[in-house]
Amino acid sequence: MLCTLYHTIETTLREVTGQDEVFLGEGGEHADLASTVAFGLAKIRKKAPAEIARELAASLATREEMREINVEALGPYLNFHFRREIIERALQEATRPGYGSLSPRSERVVLEHTSANPNGPLHVGHIRNTILGDTLARSFRKAGYPLEVQYYVNDMGRQIAIVVWGFNTIADTPVPGEKGDHHVARIYIAANRELEARPECVAEVDRLMQLVEKGDPATVLLFREAVTECLEGFRETLQRLGARHDRFVWESDFIRNGDTDRVLAKISHMPECKNDGKLWLDLSSCGFEKEYVLRRSDGTSVYAARDLAYHTWKGRNFDRVIDVLGADHKLIGAQLIATMGLLGERAPEIVHFEFVSLPEGSMSTRAGKFVSADELLDEVTRRAMEEVTARRPELPETERQEIARSVALAAIRYDIVRISPEKSTVFDWKEALDFERQSGPYIQYAHARACSILEKAGEFEECVILENEHEMALARQIIRFPMVIESVVRELKPHLLAGYARELADLFNAFYHFEPVLKSEGLTRRSRLTLVKATRNTLAEALQTLGIDALSTM
RNA sequence: GGGCCUGUGGCUUAGCCUGGAUAGAGCGCCGGGCUUCUAACCCGGAUGUCGAGGGUUCGAAUCCCUCCAGGCCCGCCA
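Residues numbered from 1 in each chain as written. Chains lettered and ligands numbered in written order. Predicted model: local features only at pLDDT ≥ 70, side-chain atom pairs only at ≥ 80, totals over all residues. Heavy atoms only, no water.

Caption draft 1: Local environment of the packing of aromatic side chains. What the rule picks out here adds up to 13 aromatic pairs. Between the aromatic rings of Tyr99 and Phe481, the centroid separation amounts to 5.7 Å while the plane-to-plane angle is 45°, which identifies the pairing as tilted. Of this pair, Tyr99 sits in the loop between helix 4 (84-94) and strand 5 (109-112) while Phe481 sits in helix 18 (residues 469-491), and the two are 382 residues apart along the sequence. Accessibility classification places Tyr99 together with Phe481 in one group, the buried group. Ring pairs connect the aromatic residues Tyr152, Phe254, Tyr310 and Trp313, which therefore count as one cluster. If you follow Arg449 out to its NZ or CZ, it ends over the ring of Tyr512, 3.9 Å from the centre. (Phe/Tyr/Trp six-rings, centres within 6.5 Å; stacked < 30°, edge-to-face > 60°. Helix = DSSP H or I, 4+ residues; strand = E, 2+ residues; numbered from the N terminus. Buried < 20%, exposed > 50% of the residue type's maximum accessible area, 1.4 Å probe, protein only. Lys NZ or Arg CZ within 6 Å of the ring centre and 35° of its normal.)

Caption draft 2: Just the protein's contact with RNA strand B, in detail. In the region of RNA strand B, 69 residues are neighbours, and Lys290, Arg391, Tyr445, Ser452 and Tyr512 sit closest. For RNA strand B, the fraction of protein-proximal atoms (within 4 Å) that sit in sugar or phosphate groups is 66%. In the environment of RNA strand B, a sugar or linking oxygen lies 2.9 Å from a nitrogen or oxygen atom belonging to the side chain of Asn117. Here Lys290 contributes a side-chain N or O atom positioned 3.1 Å from a sugar or linking oxygen of RNA strand B. For the surface near RNA strand B, the leading source of residues is helix 17 (residues 440-457), giving 8 residues. Among the residues forming the surface near RNA strand B, the class breakdown is 27 nonpolar, 18 polar and 24 charged. (Near = heavy atom within 4 Å. Polar contact = N/O pair within 3.5 Å; in protein donor to acceptor, adjacent residues only side chain to side chain. Nonpolar A, V, L, I, M, F, W, Y, C, P; charged D, E, K, R; others polar.)

Caption draft 3: Main features of empty space enclosed by the protein. Under the criterion given, the structure shown has 1 cavity of 30 Å³ or more. There is about 40 Å³ of room inside the largest cavity. Forming the boundary of the largest cavity are Tyr303, Asp307, Leu325, His329, Ile332, Gly333 and Leu336. For the lining of the largest cavity, the secondary structure elements donating two or more residues are helix 12 (303-317) and helix 13 (330-343). Of the residues forming the lining of the largest cavity, the biggest block, 3 residues, is contributed by helix 13. Residues of the lining of the largest cavity, tallied by class, amount to 4 nonpolar, 2 polar and 1 charged. (1 Å grid on protein atoms, 1.4 Å probe; cavity = no way out; pocket = protein on both sides within 12 Å on 5 of 7 lines; lining within 4 Å. Points joined across faces, edges and corners; volume = space filled by probe spheres on them.)

Rendered as C-alpha cells:
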C-alpha cells in the first residue's frame, strides 16, 4: 500500500515538474517522504530553490491523487506527510498473519548458496554464505516468488580426490560420535600432510581424477561415498542453522548427462575459442586478460566447464538465477557471466561476500585452521543456556533448552546478516556471544514483551487512534515493512531487513517504556493494544524472514 | 605488477549505487532509572579532519582523479 503511495507521489511530481528524474527519498525526521527537486530546477528556472519548492507544493496540493497526503515546502525541501488515516488503515493490515507478503509473481527464481566443497565441515566463513543465502531465499518467498534453493555439490574436484586417496591409504582410527564431515576433514588434513611428505603420490591423486571423469564405476563409487558422508554432516549443520535446500545438484551429473560436452562443443565453434592442446576462451574483448581454460590437454574438463553446463541448465529452467559466492569467486564469476552472454544463455546474478578470517589469519580446511559451524553453535547455545537459566530459573529444563537453542541461532544469524556482504570481517567470539542491543535476541526480546502484553490483555476490539509521537513513530516503522521486503529482493541486500527489524524493536521498546498499555483505558487502551498486536505480528514476520524464531517467552 | 572490494568516534557498524536538512546506531566509558505491561530494557552525557590530498558542484561521507593501508583474486585447482 505504501509502495502505491510512493509511486503516486513520484508520478505526480514528474508531471508537475516536467522532469523525467525526480528524487523522492525517505524524509527522516522531517517527513514520510521528501524530495530535493527544487535544487535542480533552480538552475533551469533561474529562481531560488525555496521559491520553487513553495510553488510546487501549492500546485501539488491541488491534485486529486494527493488528497491523502500533506505537502509542505520547508525551505528548498518538498516534504510529504501521510494523513493519519492512511497510517491507521495500513496498521490494520499489519495485525493480520502473513503481513509483508507481496502479491504472488510468476517469475521463477533459482538461488544457489553455500555449495561448500565436501572436504570438511562448514566453518564460520561458509555460514556467512548460508545465512546470506537463506535470508535471501526467505525474502524471495515473502516477496511472492516461486523459488528453488539449490546446493551445488562439487563432487569431482581435486580436493575430493585427495579425500578418496586418504581413505585408501591412511590408517583411520574411528572417533566415537564424530560427524561425517569432521571425519572427512580429519582424513583430508592427514592426506594433505602425507602428500606433502611424499610428493610422488600426487600422481595417484591425478589418476583418481582421470578415472572419475571417465566414469570408472569403482572410482565413482568411492567418490560418491566420501562426498555423501560429508554431505550428511552438512545437512545436519544446515538444519541447525535453519537453512533448507530444495535440491542438491551434483556436479558430476553434468559430465554423465553430456551437458558439459554439449556446451564445450558449442563453445568450440565460437571465434573466441582457442585450442592448443587445451581448450580455452579468449575473453580479452570482455576485459579479461587471462585464458579461461575449459578442458585440459589430457581431455578432462575443469570446474569452469561444468559450471557453464550447470548455469545453462539453470538459465533455461528459471527466469532469474542468483548465486551467493565468496569474494574468491569474483573473477571466475565475471568470466562465467561474460561467457554465458557470448553463448546467448541467461547469466546469473551473483551476490559476493568478502571473507571471514580468524584473529590469527585466514581459515584453511586443509591446514585444519578453522572454527566449525558446529563448534560455534554448541558454544553459543551453551552460553545462551547459562543466560536463560540465570533469568528464568523457574522454567523446566527442556523449555530452557528450547529457548537457548532459539536464542543462540538468533545471535549467530543476526550477527552475520546485519553486516553488509562487501565488508571483510574477523571472527570474534565476544561478538558472537553478545545477546544485547543490535543482536538477534534483542529483537526476540521485544517480540516476547509484546506477546506478554497481549496474553495479559485478553480479548479486545481493534481500533487505531494514534495519539503521541511514540505511537506515530512505531506505526510509521510498521507500515514500511512491505517496502523493505521489496528492497531486499530488488537489491539483493538482506542486511536491510536486519536493520529494519532492529529499528522496529528499538521503537517498540521506547513505546513500551513510555506508554502504558494495560493500565490505559477505553479507546486509548484498545488502540495501544492494536499497535502492540501490529508490532508483534510485524516482528514475527520479520524474524521469520530472517530465519529467527519469534519466541513468545524468553 | 594488474584487477575487484574495503577504510566512518577506542572497538563494531549504517548511510555511498540515486550528492541536499544537525553523519545514524550498538559495544565500551560517565551519570540516571526495576514495590509499575519481561531491566536480554529505557533515558541523558562525552567521544567524528567520514584513510590522505586534489577536482567537479550552489552543496561531497556519497561523484571523478592520485596516493596510502588492509582483504581477496590473477592455476591445464575448485
